[in-house]
Each structure stands twice: as C-alpha cells, then as structure tokens.
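What follows is the residue order along each chain.
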Amino acid sequence: MRKIQMVDLKGQYEDIKNQVNTSFEEVIKNTSFINGPEVKQFQQDLEEYLDVKHVIPCANGTDALQIAMMGLGLKPGDEVITADFTFAATVEVIALLQLTPVLVDVEPHTFNIDPQSIKKAITPKTKAIVPVHLFGQTANMDEIMKIAKEHNLYVIEDNAQAIGGNYTNEAGEKTKTGTIGDIGATSFFPSKNLGCYGDGGAIFTNNDELAHTIRGIVNHGMYERYHHDVVGVNSRLDSLQAAVLRAKLPKLDAYNKARRNAAEKYTNALKNHQEIVTPEIIGEGDTHVFHQYTLKIKNGKRDALAKYLQEKGIPFGIYYPIPLHNQKAYADSRYNEADFPVTNQLVTEVISLPMHTELDKEQIAFITGAILEFLKD
Ligand SMILES: *Cc1c(COP(=O)(O)O)cnc(C)c1O
C-alpha cells in the first residue's frame, strides 16, 4: 500500500507536469512575474467556470475576505455575523478592520452557520453576514439570502473550502458557490480543492461597481497610476501561481468528483456504526466538494481514536479544536456559553480523515478498518 497522506499534491502534479513546466519557463523567459498574461487569462477562465461577471485575483484567501469587507465600505463598529466553528481567518479580518465580529452557532448536521442563530444576533448595527461553506458543503444560502434581504445586509461568502460546489436553490436553479451573495472570497492555498504552489486567492462578484472599487483596493487604492483615491493594500496573485491554476482549473470538476468518490467509500464503510456519525450531504450530491471528510465520534472516544490512528501511522486532523468564541483573541463578554451548544460539542467530537484526489480503495479500506477495529464492541 502507498503511504497514506492527509493531502497528496504530487499525483496531481504528475498529471499536469508538462503544462505547468512549460508555462513556468514561459513566465521566467518573459520575466512577467507580476500581472503577467497568465493572471489575466486565469481570471477569465475562472469567470467563465463560475459563471460570474468579475473575478479579482489576490494574494491569499485571508486577503480576499479582508478586501471584500473593505470593498463593501464596512466601517469600524459595524457588526458582522459569522460562524463560531470555522478557521480563524474569517473572524480575524473582521476584527482587523475594527468591525465587530458577532460569532454565532452552527448546525449540528452540516457544521455550517445556523440561520436561526443569525436571526437572533441581528441588531441595528449589523451590516453583513459571512457564511463559511465549511468542509466543502454550501451553507443554507436560501435562508441566509432571505434574512439578508429582509434586514438589508451584505452577504460575503467564505468559499475557501468549497470552490467548484454547486448550490441548488429553492427554485431549482444551480449556482456555483461563492457567487450567490454580494461577494465571494476564496483561497488557492496548496491544500485547497483548487490549490496553487504557494499562496493565492480571489474575490468574485456580479456587481460592476463593487468590482471596480475592489480592483483599486488590491492595487494600493489606485484607479489611475499614482493617484491614490482610497486606502488600499498590495494583494496580487503572481504569474507562476496563475500558471498552475490555469492548468488545474479544467480538472477541478474531476478533482472534486474524486473527493466525492473517496467520501462515498468512507461513508459506506462507516455509516452503520453507532458511535460514528458520517457527514450528511444536503440536497444534490454536487453541493458538497469534500474539502474535508469529517466524522463525529460519540461517547467521548474521539481523542482516544486520534491517538490510536497516530500509532497506526494514519494521518488525521481536528478541525477545529477550540470554538472561536473561546479563543483569547476573539473572546468577548457579550458571549454566553449557552449560545454555542453545537460548536461546544463539535469541538469534542470531530475528526477529519485523509482527503485528496489520490486516495485509493486500499488506503480507504485500511483507514476505515482501523477506525472500526478501535471502536469494536
Ligand atoms: C484557508 C481558509 C481561509 C484563508 O485562506 P488563506 O489563503 O490561507 O489565507 C479562509 N477561510 C477558510 C474557511 C479557510 O479554510
């Protein structure tokens, strides 16, 4: 059996090696390292793939979220509602911009932000909601868009874990995740479903005016060379990264399918055990692109299982071990433990198994076999 890795990017590279190496040589030959033609081409490829009017590439997913909030003109003191159970980047940029993060609980079956909790958290100061499509499954965007419309709030989708996912709304229309709200932000960190060979990110929007504003913000607030109209940042996708992403984008659907196949195999092997809750897929299967395959382990056995897997040389991840409202940087006297029953429980139960496009049957059987062995009787 091949060595099991949490993420395996080598196999993908073998498959696109010629194209990537040729484009790398081209970029180096032209010395067009920043804003080379590859960046523009990738932008257009991604606009077409997502069926969105504007893609603005930037340096990473955290920047994408920050720039999205700057672009919407959010001001210090504005409240932004997001999930308590997510990677810290989401809340970090809210705090960094001196907006007020308002963390709310998630749904137990999808790990995604709970629309009922959003409703309860809205105040006259609330300006935006940031749903995170956690582990690759789209949040309940029908409900979130309804709440946003009713209260006149912006919706910024954190799509870092869900690129390529399709959301089918109540009317039966399919939309790519990240293009449903006012603005979407994504990351091309190497281990993401569409990853480059360094850092990268992008912002998506169908709003022409917002796209224009953001194109200036990413470039030091310049709309005309050396005229700085707003306070901006320096956030660029470099040409080498764009070349990798151009080679990978046509394969994204196949990559996501490979992840879904691996997820299905895991679920088939583990679904009937009383102490294991396998991930629930909402709606049509293509809503979930399995950035992570995350189980809930019942009866307080998660940590012992983790230790067992470690001894067996099976990689795993605990995403995420601490609720954001309990992190020193984001703790706030307004929060009440009773408001986060789901997150508080999830952090003790979740464990993510190896997930990437190169997993084979034998590896999955070995991993699931070890889990079942540990949990037998
Ligand atoms: C990875 C990730 C980010 C940040 O992306 P970077 O490119 O690492 O800055 C933001 N939000 C979520 C949910 C992520 O998983």
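Residues numbered from 1 in each chain as written. Predicted model: local features only at pLDDT ≥ 70, side-chain atom pairs only at ≥ 80, totals over all residues. Heavy atoms only, no water.

**Concerning the overall build of the protein**
Then, in step 1: The helix and strand tally for the protein stands at 12 helices and 14 strands.
Then, in step 2: Its C-alpha radius of gyration of 21 Å places the protein within 12% of the 21 Å reference for a compact globule of 377 residues.
Then, in step 3: Taken over the C-alpha atoms alone, the protein extends approximately 70 × 55 × 40 Å along its principal axes.
Then, in step 4: Per-residue burial for the protein yields a buried fraction of 54% across its 377 residues.
Then, in step 5: Put simply, 73% of the contacts in the protein that link residues at least 6 apart link residues at least 24 apart.
Then, in step 6: Taking the average location of the 38 positive side-chain charges in the protein and that of its 49 negative ones, the two points are 4 Å from each other. (Helix = DSSP H or I, 4+ residues; strand = E, 2+ residues; numbered from the N terminus. Rg over C-alpha atoms; globule rule 2.2 N^0.38 Å. Buried < 20%, exposed > 50% of the residue type's maximum accessible area, 1.4 Å probe, protein only. Contact = heavy atoms within 4.5 Å. Lys, Arg positive; Asp, Glu negative; His and termini not counted. Charge placed at Lys NZ, Arg CZ, Asp CG, Glu CD.)

**Thoughts on the side chain of D78**
Then, in step 1: With respect to the element layout, D78 can be found in the loop between α3 (61-71) and β2 (79-83).
Then, in step 2: At a separation of 2.7 Å, a polar atom in the side chain of D78 contacts the main-chain amide nitrogen of K75.
Then, in step 3: In contact with D78, not counting residues within four places along its chain, are L99, T100, K125 and K127. (Polar contact = N/O pair within 3.5 Å; in protein donor to acceptor, adjacent residues only side chain to side chain.)

**Here we look at the nonpolar core**
Then, in step 1: By size, the foremost hydrophobic cluster in this structure holds 28 residues, and its most contacted members are I81, F85, I113, I118 and I144.
Then, in step 2: When contributions to this core are tallied by element, the ones reaching two or more residues are β2, β3 (100-104), α5 (115-121), α6 (141-151) and α11 (341-349).
Then, in step 3: Among the elements that take part in this core, α6 stands out by supplying 4 residues, more than any other.
Then, in step 4: Taken domain by domain, the makeup of this core includes at least three residues from each of domain 1 (9-250) and domain 2 (252-375).
Then, in step 5: Residues A64, V130, I214 and V218 belong to the second largest nonpolar core, which totals 25 residues. (Core = buried A, V, L, I, M, F, W, Y, C linked by side-chain atoms within 4.5 Å. Domains from an automatic or database assignment.)

**Structural notes on the UniProt feature "modified residue: N6-(pyridoxal phosphate)lysine" (unreviewed entry) in the protein**
Then, in step 1: Here, UniProt's "modified residue: N6-(pyridoxal phosphate)lysine" (unreviewed entry) annotation points to K192.
Then, in step 2: Tracing the backbone shows K192 in the loop between β8 (183-187) and β9 (201-205).
Then, in step 3: In this structure K192 comes out as buried when scored by relative accessible area, which is 15%.
Then, in step 4: Residues in contact with K192, not counting those within four places in the same chain, are A160, S187, R259 and H291. (UniProt positions renumbered as here; feature names shortened; annotations may be inferred.)

**With respect to the environment of T100**
Then, in step 1: Topologically, T100 is positioned in strand β3.
Then, in step 2: Separated by 275 residues in sequence, T100 and L375 place their C-alpha atoms 43 Å apart.
Then, in step 3: Residues within four places of T100 in sequence aside, it is in contact with G77, D78, E79, V80, I94 and R334.

**Some thoughts on the domain arrangement of the protein**
It is common to report an interface's size as the accessible area lost on association of the parts.
Then, in step 1: What the domain assignment reports for the protein is domain 1 (9-250) and domain 2 (252-375).
Then, in step 2: Relative to domain 2, the C-alpha centre of domain 1 lies at a distance of 24 Å.
Then, in step 3: Residue-level contacts link 47 residues of domain 1 with 36 residues of domain 2.
Then, in step 4: For the pair domain 1 and domain 2, the two sides together bury roughly 3,600 Å², of which 55% comes from carbon and sulfur.
Then, in step 5: Summed over the three residues of domain 1 that lose the most area to domain 2, namely D84, F135 and N193, the buried surface amounts to 19% of that side.
Then, in step 6: For the pair domain 1 and domain 2, the interface holds 1 salt bridge.
Then, in step 7: Its salt-bridge partner being K174, residue D286 comes within 2.7 Å of it at the nearest N-O pair.
Then, in step 8: Looking at the side of domain 1 that touches domain 2, the elements that each hand over two or more residues are α1 (10-30), α4 (89-96), β3, β6 (166-168) and β7 (174-176).
Then, in step 9: Counting residues per element, the side of domain 1 that touches domain 2 draws most heavily on β3, at 5 residues. (Buried area = accessible area lost by both parts, 1.4 Å probe. Salt bridge = Lys/Arg side-chain N within 4 Å of Asp/Glu carboxyl O.)

**Thoughts on the site of the ligand**
Then, in step 1: All residues in the neighbourhood of the ligand are listed as N60, G61, T62, T86, F87, A89, V132, D158, A160, Q161, S187 and K192.
Then, in step 2: Here an oxygen atom of the ligand and a side-chain polar atom of S187 are 2.6 Å apart.
Then, in step 3: One of the side-chain nitrogen or oxygen atoms of K192 is found 2.6 Å away from an oxygen atom of the ligand.
Then, in step 4: Starting from 380 Å² of accessible surface for the ligand in isolation, the protein chains cover 91%.
Then, in step 5: Across the shell around the ligand, the residue classes break down as 4 nonpolar, 6 polar and 2 charged. (Near = heavy atom within 4 Å. Areas by Shrake-Rupley, 256 points an atom, 1.4 Å probe, with all protein chains shown as cover. Nonpolar A, V, L, I, M, F, W, Y, C, P; charged D, E, K, R; others polar.)

**Focus on the packing of helix α2 (residues 37-50) against helix α8 (residues 239-248)**
Then, in step 1: For the pair α2 and α8, interaxial distance at closest approach is 8 Å and the crossing angle is 35°. As α2 packs across α8, the resulting crossing turns out to be left-handed. Residue-level inspection shows E38, V39, Q41, F42 and D45 of α2 in contact with α8, the latter providing S239, A242, A243, L245 and R246.
Then, in step 2: A class-by-class count of the residues in the contact of α2 with α8 yields 5 nonpolar, 2 polar and 3 charged. (Axes fitted to C-alpha atoms, helices over the stretch in contact; angles between N-to-C directions. Left-handed = near helix turned anticlockwise from the far one by under 90°.)

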